[in-house]
Amino acid sequence: MGRGAIAVAAVLSGMGSLAGCSTVPSDLRIGIDAPDGSEQGFGPVADYMDHRCGTLDCHGQVGRNLRIWGCEGMRLDPTDIPQCSRQLGGRATTPAEHQATYRSLVGLEPAVMSTVVAGHGENPELLTFVRKARGTETHKGGALITPGDAQDNCITSWLAGSTNTMACATAIGFPMFPALPTDASAE
Amino acid sequence: MTFSRRKLATAVAMAFTASIVIAWPASARDRGGKPTAAGAQPSGDFTHAPAAEGQANTPIPIYVEYAGGEQVTRVIVKYKGAQMEDWRRLDLKRLGVGWGGLISCGDVVPGPMRYWVQGFDEGGDAVATSGDPKDPFIVPIVDELTGDAPHLPGGRPPRTCSKGGSRGDKGEERAASPDTGEDSERLERLDQTKKRPTGPHKGDENLEDTASERASIELAGYNDSDHITVVTPSVNMGIDNVSGASLNASYLVDVVSAASVDIVSTASRRWEEVRQAGTVSGLYKPHDFGVGVGGSVSSEPDYLSYGGYALIVKDFDEKNWTATFGFGASHDTIGRCGIGGGCTPFSVFSRDLERGAFNGGLAFVIDRISLGSVTLDVVIENGDQSKPYRYIPMFSPGVAPTVPKGASIDWVNANRLAERPLEQLPLERHRAALTGRYARRLDGSTLRLEERFYDDDWGLVASTTDARWIFDLGTRFEVWPHARFHAQTSVTFWQRAYVSESSTGWNLPEYRTGDRELGPLVTIGGGLGARVYLGSDANPQRWTLQLTWDGMYTSFLDDLYVTERTATLGALTFQGQL
């Protein structure tokens, strides 16, 4: 085989050692530097999102990665109907539904959410759901909000740590999306 | 959306059968290609009929033909005359349907002339051989022939050199054999063309074209039980020059249609996509050392990849050993598209993945009918290669142990927690694979075996075994069964049901995946292949039609949604030498 082949074998061995690194641990856990999840802090945001994004043919579906619960769409209690009006047999969105929406929304991108919150909401567009809502990223539902409008302020103020309840109240006046039933299922 | 980058590598058979038709006295030539020279001569991949004898101080013509399944682009003869201490090499040239050359008269002295033949593919790998240093062909060199003088096919015997003719003195050899056969002259002209400066010269129109071109087109298809269909037309072109240079290029299109469970589970619908990929590579290996470079580009709406590589090839021990070292680097940009076909610009959302790949290999001749090789690949990846579409369902600590293998989409949606984070894979990966190949020429068939061991620092360990047995059915038809077995463990962070500890705020698994290719699985596959040579009787391999079909069954041992997958893969290839 000769010295040449021995040298080759030595190089191969050295290359093999490149891959001989420690294995990735199996049980690493992370938390999230999460925005306010209280009724005061997130409730208005959740109500706006239920109205704007949570219809039964959009994010008001259990199959969605981003699930939104509320009285205008998917209910947490199967005995509830998608109706907010008591007169019509419904009931308002419950705190448990707000909390479920919160878990779904905040849990989508744990690391990115931590980054945004740690930055006091300075770069909300790092979050996919903000980009989709603004239309800067492809979204089946299209561009729903404009940076700086009430809807946008509702969300970004929450991410910044101080929910602008007035903006959220104004935002909920925007029409439900989609205005008419279509097969447009938002992603 | 990113198709899982499933390689539609067609199950191209790799056979190495061969034949030599020797340029020896016509009366000694056996149409069946069997040696007819006196004494026990070696057999091998090349059909071979050594001459009964050669005349001293006279060039010995050697002509071979190759009818095997490998793409032999270069053939050499190693020879050693009676007064030579070392083996010398003679590069054979394309000649008609075969290869031919002349052993210089200066090396042809009384006594035994030993030689053996090797064939190499475009990558410089020895893929065919007849004889070896320990068991060479032997032709007695005598002062006066007792029979017909050997000659190249259709040509006249070369003339005896003038006294003092020395090895490599082409001018003297040429002067001494002005009346050699037509093919001999052609060979000598080829040598002369290599010595000439480049550029047009008067009379060049009479020179042989020293390059051989080939091209192929292929249509491949893949379909599986997870509702993924891929159709891949492709075209390949290559050119080889007798000086040892080769250039290759390929282009393919993947047309993907998918409605896999991974898509449906996120309430999305079928999507279709087109991927285009091109490669170009070159290799220059005039003697026992060569260098090669190449590059590739692949583009699909949400994925862009480009890369390049360089390699060196070195032969040792009279080409009984060939070593290859290479390094490649690539850059991938991973983006995201929507269901409707619109894509987010990379400037808005993208992830980068850098990849460096080292490759080292040894190919060796085991004996005159067996070849082997060992290859080590090491790949280092840096970047976030998590799928931007893949969200991972989370379960409570109480529910997770109850999640059944193959749990349906409805079951998962009904029992998972609200949070469903994006897939997150480690940002670095070190991968290594050791591959061994063995090929043995049997009587009327060729057996090829391959074993590959894989390991990485994500904890995935895999073994892939591949076997192919190629049978010759006459000179124009080959057929082969193919079998493949693959088994792998999961990555360390693989979970069928990941747990989110919601009772204490946020407590999620840092690494989480739903990529079944990272989970434990077993795949069994098999199929058939057939190749027909459609060229003329003189050169049947000029046109080749090949059909392969493989079926695969995969059992996913610890997964959501699906527990098994069946798939079929077929390819129809038409190749020609231009």
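So, how was this worked out
Counting starts from 1 at the beginning of each chain's written sequence and moves along it residue by residue. Think of it this way: whatever chain is written first is A, whatever ligand is written first is 1, and the rest follow in order. It should be noted that, the model being predicted, local features are given only for residues of pLDDT at least 70 and side-chain atom pairs only at 80 or more, the latter also being counted only at that level, while totals for whole chains, interfaces and linings use all residues. As a rule here, side-chain values cover all heavy atoms of the structure and leave hydrogens and water aside. Exposure classes here rest on a 1.4 Å probe applied to the protein chains alone. A residue is buried below 20% of its type maximum, exposed above 50%, and partly exposed in between. Secondary structure elements follow DSSP: runs of H or I no shorter than four residues count as helices, runs of E no shorter than two count as strands, and numbering proceeds from the N terminus. A strand pair is defined by DSSP finding two or more bridges across the two strands. The contact rule is simple, with two residues in contact once any of their heavy atoms fall within 4.5 Å. The buried area of a pairing is the accessible area, by a 1.4 Å probe, that goes missing from both parts when the two are put together, added over both. Each reported salt bridge corresponds to a side-chain nitrogen of Lys or Arg within 4 Å of a carboxyl oxygen of Asp or Glu. Definition of a polar contact: a pair of N or O atoms within 3.5 Å, with one able to donate and the other able to accept a hydrogen when the atoms are protein atoms, and with sequence-neighbouring residues admitted only if both atoms are side-chain atoms. In this description, one arc is meant: the one made by directions from the helix axis to the C-beta atoms. Where helices are involved, their axes are fitted lines through C-alpha atoms of the stretch in contact, as for all axes, and angles between N-to-C directions lie from 0 to 180°. Put simply, a disulfide is two cysteine sulfurs that come within 2.5 Å. Stacked, tilted and edge-to-face pairs are distinguished by plane angle, under 30 degrees for stacked and over 60 for edge-to-face with tilted covering the rest, among Phe, Tyr and Trp rings (Trp via its six-membered ring) whose centres lie within 6.5 Å. A ring is scored as having a charge over it whenever the NZ atom of a lysine or the CZ atom of an arginine sits within 6 Å of its centre and within 35 degrees of its normal. What marks off one domain from the next here is an automatic or database domain assignment. Amino acid classes used here: Ala, Val, Leu, Ile, Met, Phe, Trp, Tyr, Cys and Pro are nonpolar; Asp, Glu, Lys and Arg are charged; the rest, including Gly, are polar.

> Can you tell me about the pairing of strand S3 (residues 74-80) of chain B, naming the residues and giving the values?
Successive side chains on a regular strand alternate, one facing one side of the sheet and the next facing the other. Residue and element names in this part refer to chain B. Of all seven residues making up S3, seven are buried, and the element is well covered by its neighbours. Here S3 shows two buried faces, one formed by Arg-74, Ile-76, Lys-78 and Lys-80 and the other by Val-75, Val-77 and Tyr-79. Relative to strand S7 (residues 111-120), S3 runs antiparallel, the two being bridged by seven bridges. Looking at the pairing, Tyr-79 lines up with Tyr-115 of S7.

> Give me the interface of chain B and chain A: which residues, what numbers.
Counting from both sides, the interface comprises 55 residues of chain B and, opposite them, 45 residues of chain A. Interface area, chain B with chain A, both sides summed: about 4,300 Å², of which 60% is carbon and sulfur. Of all residues in chain B, Phe-325, Ala-418 and Trp-506 of chain B bury the most surface against chain A, accounting for 15% of the area lost on that side. Two residues, Arg-336 of chain B and Glu-137 of chain A, come together in a salt bridge whose shortest N-O distance is 2.3 Å. At the boundary of chain B with chain A, the tally comes to 18 residue pairs in polar contact (both at pLDDT 80 or more).

> Explain helix H4 (residues 110-118) of chain A residue by residue, including any values.
For an α-helix, the turn length of 3.6 residues means that residues three or four places apart are oriented alike. When we look at burial in H4 of chain A, the residues that qualify are Pro-110, Met-113, Ser-114, Val-116 and Val-117 of chain A. Seen along its axis, H4 of chain A keeps its buried residues to an arc of 165°; they face one direction. Of the surrounding secondary structure, the elements contacted by the buried residues of H4 of chain A are strand S1 (29-30), helix H3 (95-106) and helix H6 (150-160) of chain A together with strand S25 (508-509) of chain B. Directly beyond the C-terminal end of H4 of chain A, a positive phi value near 55° is found at His-120 of chain A.

> Which residues make up the sheet that holds strand S6 (residues 98-103) of chain B, and what values go with them?
Residues and elements named next belong to chain B. Taken together, three strands build an open sheet; the order of strands is S2-S6-S5 and the sheet is antiparallel. Each of the sheet's edge strands pairs with one partner strand only, and the pair in question is strand S2 (60-64) and strand S5 (93-95). Shown here is a sheet whose adjacent strand axes are inclined to one another by a mean of 35°, direction ignored. Alignment of S5 against S6, held across three bridges, turns out to be antiparallel. Note that in S6 the partner of Arg-94 across the bridge is Trp-99.

> I'd like to hear about the pattern of salt bridges, residue by residue, with values.
The tally for this structure, following the rule as stated, stands at 35 salt bridges over all chains. Measuring nitrogen to oxygen at the nearest pair gives 4.0 Å for the salt bridge that ties Asp-77 of chain A to Arg-91 of chain A. Taken together, the positions of Asp-77 of chain A in the loop between helix H2 (39-53) and H3 and Arg-91 of chain A in the loop between H2 and H3 put the pair 14 residues apart, joining distant regions of the chain. The partly exposed category is assigned to Arg-91 of chain A, whose relative accessible area is 33%. The partner of Glu-381 of chain B in a salt bridge is Arg-431 of chain B, with the nearest N and O atoms 3.0 Å apart. Here the residue Glu-381 of chain B occupies a position in strand S18 (residues 370-383), and Arg-431 of chain B occupies one in strand S20 (residues 428-442), the gap between them amounting to 50 residues. Three or more residues joined by partner-sharing salt bridges are found here, namely Arg-75, Asp-77, Asp-80, Arg-91 and Glu-97 of chain A.

> So what's going on with the environment of Gly-121 of chain A? Residues and values would help.
Residue and element names in this part refer to chain A. By the secondary structure assignment, Gly-121 is in the loop between H4 and helix H5 (128-134). On the basis of relative accessible area, Gly-121 is assigned to the buried category, the value being 12%. In this structure the C-alpha to C-alpha distance between Gly-121 and Pro-35, which are 86 residues apart in sequence, comes to 9.2 Å. Sequence-distant contacts of Gly-121, defined by excluding residues within four places in its chain, comprise Val-116, Leu-159 and Ala-160.

> Now, about the state of the cysteines: what can you tell me, with residues and values included?
Evaluation of the coordinates by the stated rule reveals three disulfides over all chains. The disulfide bridge from Cys-71 of chain A ends at Cys-84 of chain A, spanning 1.8 Å between sulfur atoms. Measuring handedness by torsion sign, the sulfur bridge of Cys-71 of chain A and Cys-84 of chain A sits at about 80° and is right-handed. You can see Cys-71 of chain A sitting in the loop between H2 and H3 and its partner Cys-84 of chain A sitting in the loop between H2 and H3, a full 13 residues away along the chain. There is a disulfide in this structure between Cys-337 of chain B and Cys-343 of chain B, and the S-S distance comes to 1.8 Å.

> Please give an account of the packing of aromatic side chains that cites residues and values.
Tallied over the entire structure, the rule returns 13 aromatic pairs over all chains. Three or more aromatic residues joined by ring pairs make a cluster, and in this case those are Phe-42, Tyr-102 and Trp-158 of chain A together with Trp-506 of chain B. Positioned over the ring face of Trp-506 of chain B is Arg-103 of chain A, at 3.8 Å from the centre of the ring. The lysine or arginine in question, Arg-429 of chain B, covers the ring of Trp-458 of chain B, its NZ or CZ lying 4.1 Å from the ring centre.

> Go over the domain arrangement of chain B, please, and point to the residues and values.
For interface size, the figure often reported is the accessible area lost on association. Residues and elements named next belong to chain B. Split by domain assignment, chain B resolves into domain 1 (21-196) and domain 2 (212-577). Taken together, the contacts link 34 residues of domain 1 with 31 residues of domain 2. A buried area of about 2,500 Å², summed over both sides, lies between domain 1 and domain 2, and 44% of it is on carbon and sulfur atoms. Ranking the residues of domain 1 by area buried against domain 2 places Arg-74, Val-97 and Glu-122 at the top, with a combined share of 19%. Between the two partners, domain 1 and domain 2, sit two salt bridges. Here Glu-70 ties to Arg-448 by a salt bridge, and the two come within 2.8 Å at their closest N and O atoms. Our enumeration of links across domain 1 and domain 2 arrives at nine residue pairs in polar contact (both at pLDDT 80 or more). Contributions of two or more residues to the side of domain 1 that touches domain 2 are made by S3, S5, S7 and strand S8 (126-130). Among the elements that make up the side of domain 1 that touches domain 2, the one with the highest residue count is S8 (four residues). Classifying every residue of the side of domain 1 that touches domain 2 by side-chain character gives twelve nonpolar, eleven polar and eleven charged.

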